[in-house]
Amino acid sequence: MEFIDLKAQYAQLRAPIMQRIQAVLDHGSYIMGPEIKELEEKLSAYVGVGHCLTVSSGTDALLIAMMALDIRPGDEVITTPFTFIATGEMIALLGAKPVFVDIDPETLNLDPARIERAITPRTRAIMPVGVYGQCADLDAINAIASAHGLAVIEDGAQSFGATYRGRRSCGLSTIGCTSFFPSKPLGCYGDGGAVFTDDDALATAMREIRVHGQDRRYHHPRIGINGRMDTIQAAILLAKFEVFPDEVVARERIGARYTQRIAERCPSVVTPTVPRTNMSVYAQYTVQVENRAEVSQYLNSRGVPTAVHYPMPLHRQPAFAFLGLGPGSFPVAEQAAGNVLSLPMHPNLHPATQDLIVEVLREAVHARREAAPA
Ligand SMILES: *Cc1c(COP(=O)(O)O)cnc(C)c1O
């Protein structure tokens, strides 16, 4: 059993993927070839924003977005401690300070009710993350941001394709960023990402930053990076994007089915909460259990792969020790980090396989109960 079955997806899409790759090899525009523009047009239409720029990774998307917003040493960016390292890492890389705010215990996303008191005169932006594939409460976050003149950068690396109040992730704030890392909801076969905005000036800035701050050949008004996506990765994404809307529907259905089955078969397991405003793409299907080590060991011993996203919140990472945030700083994030367990999840997950996983999960929880002292 695969945790994320990329091979099954490739088997279905082999012909169009090979055709698209072959076209790149034939025309030879390996850097910024025609597939880049074609993909950017499709993605901006899908998300519903004026500009999409493909970039070299989700991490670089965050970096380019913050560089375009001119976030500098001494600035503060409010974000969640319950995310992949890249979110806080890029803030720190620019010399700015990640200011963590605890998460909502239901959605595990940035809790808007806690943001306002973290704002200082140095705050420049708020960076919510759509953890596990559902957007944070962007209306509430945008309202706080606009009241304080702050930008909002959505880290949609896990939520690409998800909707919030009917609008797509990455099109909900000043700049939306995503990742096309292979295991993300829309993945290429290497590194890739994209930034999205409706702001023409920010789009121009990000376009320049993506290519060494260049506005015309060998003329550099600003400092940038090499942040381009490879044409071959764009070609692969174009082939995969054809089925992506169907995969989003399948993901939503499979995630909801997990929740229903687990509620029936193992009611002590905490399943994801998806508010009515949200449609999740379930980048991960993540439950919470108290004895994670035993439960995951049992699942693994029965051939069910699992993963932990993420075992340590960012403020507890050695790299962020300089912030001096000890245990207990963000209790909701810390508790989630201790209990979360991700189950196999991909659009080709068969109902029979899913039922087997839920059955093994029931046994895992049950076995633990029986083993516990009376
Ligand atoms: C994967 C991920 C990133 C980084 O994306 P890469 O393409 O791997 O650089 C950033 N933020 C979150 C929340 C992610 O899940």
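If you're wondering where the values come from, they're calculated on a predicted model, not measured in any experiment.

Draft legend 1. Structural view of the overall build of the protein. Broken down by element type, the protein carries eleven helices and twelve strands. Overall size of the protein, expressed as C-alpha extent along the three principal axes, is 75 × 55 × 35 Å. Expressed as a percentage of the 374 residues in the protein, the buried residues total 54%. Contacts in the protein between residues far apart in sequence, at least 24 positions, make up 70% of those at least 6 positions apart. When the accessible area of the protein is evaluated, it comes to approximately 15,800 Å², of which 52% is carbon and sulfur surface. Computed over 34 positive and 40 negative side-chain charges, the inter-centroid distance for the protein is 1 Å.

Draft legend 2. Representation of the nonpolar core. Counting 42 residues, the largest nonpolar core has Leu43, Ile115, Ile126, Phe160, Phe180 and Phe196 as the members making the most contacts within it. Elements with a contribution of two residues or more to this core: helix H2 (34–47), helix H5 (138–148), strand E9 (193–197), helix H7 (231–241) and helix H8 (244–265). Of all the elements, H2 adds the most residues to this core, at five residues. Those residues within four positions of Ile115 in sequence are excluded, and the remaining contacts are Ile78, Val101, Leu110, Ile126, Ile141 and Ile144. Core analysis: the second largest hydrophobic core is formed by 30 residues, Met90, Met127, Ala151 and Val195 among them.

Draft legend 3. Expanded view of the layout of surface pockets. The computed volume of the largest pocket comes to approximately 360 Å³. Every residue lining the largest pocket is counted, 23 residues in all, and those nearest its centre are Phe84, Ala157, Ser179, Phe181 and Lys184. Going through the elements one at a time, helix H3 (58–68), helix H4 (85–93) and strand E8 (175–179) are the ones with two or more residues in the lining of the largest pocket. Looking at the lining of the largest pocket residue by residue, the classes come out as nine nonpolar, eleven polar and three charged.

Draft legend 4. Fine view of empty space enclosed by the protein. All chains considered together, the criterion is met by one cavity of 30 Å³ or more. For the largest cavity, the calculated volume is near 100 Å³. Surrounding the largest cavity, 16 residues form its lining, Leu6, Gln9, Pro185, Arg251 and Pro347 being those nearest its centre. Put simply, the parts of the chain that give the lining of the largest cavity at least two residues each are helix H1 (6–27) and H8. Taken together, the residues of the lining of the largest cavity break down into six nonpolar, five polar and five charged.

Draft legend 5. Just the site of the ligand, in detail. By nearness alone, 16 residues border the ligand, and Gly58, Thr59, Asp155, Ser179 and Lys184 come closest of all. Here an oxygen atom of the ligand and a backbone polar atom of Gly58 are 2.8 Å apart. Out of a free accessible area of 380 Å², the ligand has 94% covered by protein chains. Elements supplying a minimum of two residues to the shell around the ligand: H3 and H4.

Draft legend 6. Inspection of the packing of H1 against H7 at higher detail. Viewed as axis vectors pointing N to C, H1 and H7 meet at an angle of 140°, and their least axial separation amounts to 8 Å. On the basis of their axis angle, the class for H1 and H7 is oblique. Where H1 crosses over H7, the two elements pack in a sense that is right-handed. From H1, Gln9, Leu13, Pro16, Ile17, Arg20, Ile21, Val24, Leu25 and His27 reach across to H7, where they touch Thr231, Ile232, Ala235, Ile236, Leu238, Ala239 and Lys240. Split by residue class, the contact of H1 with H7 holds eleven nonpolar, three polar and two charged.

Rules behind the numbers
- Residues numbered from 1 in each chain as written.
- Predicted model: local features only at pLDDT ≥ 70, side-chain atom pairs only at ≥ 80, totals over all residues.
- Heavy atoms only, no water.
- Helix = DSSP H or I, 4+ residues; strand = E, 2+ residues; numbered from the N terminus.
- Buried < 20%, exposed > 50% of the residue type's maximum accessible area, 1.4 Å probe, protein only.
- Contact = heavy atoms within 4.5 Å.
- Areas by Shrake-Rupley, 256 points an atom, 1.4 Å probe, with all protein chains shown as cover.
- Lys, Arg positive; Asp, Glu negative; His and termini not counted.
- Charge placed at Lys NZ, Arg CZ, Asp CG, Glu CD.
- Core = buried A, V, L, I, M, F, W, Y, C linked by side-chain atoms within 4.5 Å.
- 1 Å grid on protein atoms, 1.4 Å probe; cavity = no way out; pocket = protein on both sides within 12 Å on 5 of 7 lines; lining within 4 Å.
- Points joined across faces, edges and corners; volume = space filled by probe spheres on them.
- Nonpolar A, V, L, I, M, F, W, Y, C, P; charged D, E, K, R; others polar.
- Near = heavy atom within 4 Å.
- Polar contact = N/O pair within 3.5 Å; in protein donor to acceptor, adjacent residues only side chain to side chain.
- Axes fitted to C-alpha atoms, helices over the stretch in contact; angles between N-to-C directions.
- Parallel < 35°, antiparallel > 145°, perpendicular 65-115°, else oblique.
- Left-handed = near helix turned anticlockwise from the far one by under 90°.

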